[in-house]
Structure formats: structure tokens, C-alpha cells
Amino acid sequence: MSRWTPSLIILGGIALTACAWLTLDLLYSCMAALATITYATFAPGIVGNTPIPRGSAPDPSQVKRWRETHPGSTVSEAIAAVTKR
């Protein structure tokens, strides 16, 4: 599963909800909305988890500087690199 799949499924559910409301009935729209909300609640996360060692809060300016020197990196990667000891 690619990292964009949960986001695309949720966007599809929102579109389905709107289409169901416009073409069918409010009942079908509510069912589509409930299914979308349920999936969004239990879907795999799309944001990475970065373990941060205790007692070392990352300095935002260091994180920004690291990301400027490493284009294309994520904030999670920058935090992991800055807090690494």
C-alpha cells in the first residue's frame, strides 16, 4: 500500500458522500459519510512517527537549517537527525 492510498480513499469517500447527496437521498449520503469517517478513524497513519529521546527537544532553527541543506527531506527526518546524539 502506498503512502497516498489512505488519503485517496478518504477523498473518494468525501466525493461519494457529496454525489450520493446530490443524486440519491440523504440516507445514502449519511451512510457514505459514516463509512468514510469509520475508515478515516481506523486507517493507517500517513504521518511518520519520529522517536525523540527524552530531554532533548529539537531546536526549530536547527531543524529548518537541516532541511535547507537536505532538500526533499521530511520534518521527521530532520528531527531525527538533529536530535541524534
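Heads up: these notes are all about the structure in this document. (Residues numbered from 1 in each chain as written. Predicted model: local features only at pLDDT ≥ 70, side-chain atom pairs only at ≥ 80, totals over all residues. Heavy atoms only, no water.)

### Remarks on the overall build of the protein chain
Then step 1. Looking only at helices and strands, one finds four helices and zero strands in the protein chain.
Then step 2. Beginning at the N terminus, the succession of helices and strands in the protein chain can be written as α-α-α-α.
Then step 3. Here the protein chain holds 85 residues, and 18% of them are scored as buried.
Then step 4. With the model as given, the accessible surface of the protein chain reaches about 6,700 Å², and the carbon-plus-sulfur share is 67%. (Helix = DSSP H or I, 4+ residues; strand = E, 2+ residues; numbered from the N terminus. Buried < 20%, exposed > 50% of the residue type's maximum accessible area, 1.4 Å probe, protein only. Areas by Shrake-Rupley, 256 points an atom, 1.4 Å probe, with all protein chains shown as cover.)

### Quick look at a nonpolar patch on the surface
Then step 1. Residues Trp-4, Leu-8, Leu-11 and Ile-14 make up a contiguous nonpolar surface patch of roughly 470 Å² in combined accessible area.
Then step 2. Within the secondary structure layout, Trp-4 lies in the segment before helix 1 (5-23). (Patch = residues over 30% accessible without salt bridge, like charges linked within 9 Å, V, L, I, M, F, W, Y side chains within 5 Å. Salt bridge = Lys/Arg side-chain N within 4 Å of Asp/Glu carboxyl O.)

### Re the side chain of Thr-17
Then step 1. Topologically, Thr-17 is positioned in helix 1.
Then step 2. Taking the relative accessible area as the measure of exposure, Thr-17 reaches 16% and is therefore buried.
Then step 3. In this structure the side chain of Thr-17 is engaged in a polar contact, spanning 2.8 Å, whose partner is the backbone oxygen of Gly-13.
Then step 4. Those residues within four positions of Thr-17 in sequence are excluded, and the remaining contacts are Ser-29, Ala-32, Ala-33 and Thr-36. (Polar contact = N/O pair within 3.5 Å; in protein donor to acceptor, adjacent residues only side chain to side chain. Contact = heavy atoms within 4.5 Å.)

### Overview of the packing of helix 3 (residues 60-69) against helix 4 (residues 75-83)
Then step 1. In the contact formed by helix 3 and helix 4, the axes pass within 9 Å of each other and the chain directions differ by 115 degrees. It follows that helix 3 is roughly perpendicular to helix 4 by the angle criterion. Helix 4 is crossed by helix 3, and the crossing has right-handed handedness. Taken together, the residues of helix 4 that come into contact with helix 3 (itself represented by Gln-62, Val-63, Trp-66 and Arg-67) are Val-75, Glu-77, Ala-78, Ile-79, Ala-81 and Val-82.
Then step 2. When its residues are assigned to classes, the contact of helix 3 with helix 4 shows seven nonpolar, one polar and two charged. (Axes fitted to C-alpha atoms, helices over the stretch in contact; angles between N-to-C directions. Parallel < 35°, antiparallel > 145°, perpendicular 65-115°, else oblique. Left-handed = near helix turned anticlockwise from the far one by under 90°. Nonpolar A, V, L, I, M, F, W, Y, C, P; charged D, E, K, R; others polar.)

### Overview of helix 1
Then step 1. Helix length check: helix 1 (19 residues) gives 26 Å between terminal C-alpha atoms against 27 Å at 1.5 Å per residue, within 8%.
Then step 2. Taken together, the buried positions of helix 1 are Pro-6, Ser-7, Gly-13, Thr-17 and Ala-20. Each buried residue of helix 1 lies within a common arc of 155 degrees when the element is viewed along its axis, so the set occupies one face. When the buried face of helix 1 is taken as reference, the exposed residues oriented beyond 90 degrees from it are Leu-8, Leu-11, Leu-22 and Thr-23.
Then step 3. At its buried positions, helix 1 is contacted by helix 2 (26-42). (Expected span 1.5 Å × (residues − 1). Arc of directions from axis to C-beta.)

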